[in-house]
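Architecture at a glance
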Amino acid sequence: MSDDRVVVALDVGGTGMKCALVRPDGVVIRTERHPTDAARGPAAVVGTILEVAGGLADKARADGLTPIAVGIAVPGVVDEARGVAVWSANVGFRDVPLRDLTVTRLGLPTALGHDVRVGGLAEARLGAGRGTGHVLFVAIGTGIAAAHVVDGTAAVGSHGAAGEIGHILVRPDGPRCGCGRPGCLEAVSSAAAIGRRYAQLAGGTADAPVTAAEVAERAAAGEPLAGRVWQEAIEALADGLASGQALFDVATIVLGGGLAQAGDRLLTPLRAALHERMTFHREPQLVAAALGDEAGCLGAALLALDAVSVRDPQEKR
Ligand SMILES: [Zn+2]
């Protein structure tokens, strides 16, 4: 079969959109970035999404390529079956039928996905989980969310809300979570929570807001307070991941998001803490994500390819 086929992929975040044309074998042949500028309101953001997607399809055709489908990843609650962006805090979507709007505007089959789930899909099929079948992808940034990928498909859940590992209860007496309950994993171990906890314990001595990356650095340099905050976060994260492993029995846990950039400062103590929690469970491999911030865009491309049943025969599963 001739392979001039490409899909149009967009990963829409709170501040920016990462966009690409991707071939069926996963090779990216053009990338673009555009500001989301969510303050303009959801209608304007939808307008930009359609414009950018249409522009990429036109550029593909101008280069002699054939766009065959569109994949769009968005944050928040996403009804993938209906193609509706149900709710998002940072982009402001409320029941936006993004798939149908795109089909109408571009005349191409379109798939809509959740940003973390498609990121997990990409890591499982093309990145750090490649070839291992059952993968739990955990993105740790401002919040914590996960995707459980089995043989190349991410579980969506009955209500589009699977993977909310950030809201597993790990510390009943812990800090209150953004969801309203105390002690959720993301209230203790997210990058935002680590920064907050450090500032709280440092009291007046904290010169400026300290990021989780800085806490990791200070901990490695031997600062006792940073060491304590970092270890508390790791112990709670190990509790959350151990629950994940009890539920899903995966071969590989892939850690992504900003906190994973701490690399071995995170992975080495976390592997040890997870190991302590394994009784009869099979211990998963714990690895850092490989695709960086391109994972969402690549995952959107995979969703688009899946929507038209085009899968690279070389892809390891
Ligand atoms: Zn919560």
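Details of the structure are given in the entry above.
Under the counting rule described, the total for this entry stands at 16 salt bridges. Where glutamate 32 meets lysine 59, a salt bridge forms, and the shortest distance between an N and an O atom there is 2.6 Å. Placement of the pair is glutamate 32 in strand E3 (residues 28-35) and lysine 59 in helix H1 (residues 42-62), with a sequence separation of 27 residues. Residue classification places glutamate 32 among the buried positions, given a relative accessible area of 13%. Owing to a relative accessible area of 32%, lysine 59 belongs among the partly exposed residues under this scheme. Measuring nitrogen to oxygen at the nearest pair gives 2.8 Å for the salt bridge that ties arginine 171 to aspartate 239. With arginine 171 in the loop between strand E11 (153-154) and helix H4 (185-189) and aspartate 239 in helix H7 (residues 224-248), this pair connects stretches of sequence that are 68 residues apart. Using a relative accessible area of 26% as the deciding quantity, one classes arginine 171 as partly exposed.

Counting residues in each nonpolar core, the largest one holds 41 residues, and the members touching the most others are Val138, Trp230, Leu241, Ile253, Leu255, Leu266 and Leu270. Among the secondary structure elements, those contributing two or more residues to this core are strand E9 (134-140), strand E10 (144-150), H4, helix H5 (191-202), helix H6 (212-220), H7, strand E12 (252-256) and helix H8 (264-277). Among residues more than four places away in sequence, those in contact with isoleucine 253 are Leu136, Val138, Leu241, Leu274, Pro284, Gln285, Leu286 and Val287. Judged by nonpolar contacts, the second largest core, of 33 residues, contains Val22, Leu121, Ala145 and Ala147.

Right, let's get into unusual backbone geometry. With a phi close to 50°, aspartate 37 is a non-glycine residue in the positive phi region. Tracing the chain through its elements places aspartate 37 in the loop between E3 and H1. We note that aspartate 151 has phi near 45°; this positive angle belongs to a residue other than glycine. You can call aspartate 151 partly exposed: its relative accessible area is 39%.

Looking at the zinc ion, one finds its protein donor set to be His167 (ND1), Cys177 (SG), Cys179 (SG) and Cys184 (SG), positioned 2.0 to 2.4 Å from the metal centre. Going along the chain, you hit the donors of the zinc ion in the pattern H-x9-C-x1-C-x4-C. Of this pair, histidine 167 sits in the loop between E11 and H4 while cysteine 184 sits in the loop between E11 and H4; the two residues are 17 residues apart in sequence, bridging distant segments of the chain.

What the 5 strands build is an open sheet, ordered E3-E2-E1-E4-E8; its pairing is mixed. Each end of this open sheet is capped by a strand with a single partner; those strands are E3 and strand E8 (110-114). In this sheet, adjacent strand axes meet at a mean angle of 15° when their direction is disregarded. With 7 bridges connecting them, strand E1 (residues 5-12) and strand E4 (residues 66-74) associate as parallel partners. Across the sheet, valine 6 pairs through a bridge with proline 67, a residue of E4. Across the sheet, helix H2 (residues 98-106) is in contact with E4 and E8; its angle to E4 comes to roughly 155°.

With that settled, the discussion passes to the environment of arginine 176. Summarising the element assignment, arginine 176 is placed in the loop between E11 and H4. Distance in space between the C-alpha atoms of arginine 176 and arginine 117 is 25 Å, their sequence separation being 59 residues. When residues no more than four places from it in sequence are discounted, the contact partners of arginine 176 are Arg181, Pro182 and Ala187. Engagement of the side chain of arginine 176 in a polar contact is seen with the backbone oxygen of glycine 180, the distance being 2.4 Å.

Analysis parameters
- Residues numbered from 1 in each chain as written.
- Predicted model: local features only at pLDDT ≥ 70, side-chain atom pairs only at ≥ 80, totals over all residues.
- Heavy atoms only, no water.
- Salt bridge = Lys/Arg side-chain N within 4 Å of Asp/Glu carboxyl O.
- Helix = DSSP H or I, 4+ residues; strand = E, 2+ residues; numbered from the N terminus.
- Buried < 20%, exposed > 50% of the residue type's maximum accessible area, 1.4 Å probe, protein only.
- Core = buried A, V, L, I, M, F, W, Y, C linked by side-chain atoms within 4.5 Å.
- Contact = heavy atoms within 4.5 Å.
- Donors = N, O, S within 2.8 Å, 3.2 Å for Na, K, Ca; no water.
- Pairing = 2+ DSSP bridges.
- Axes fitted to C-alpha atoms, helices over the stretch in contact; angles between N-to-C directions.
- Polar contact = N/O pair within 3.5 Å; in protein donor to acceptor, adjacent residues only side chain to side chain.

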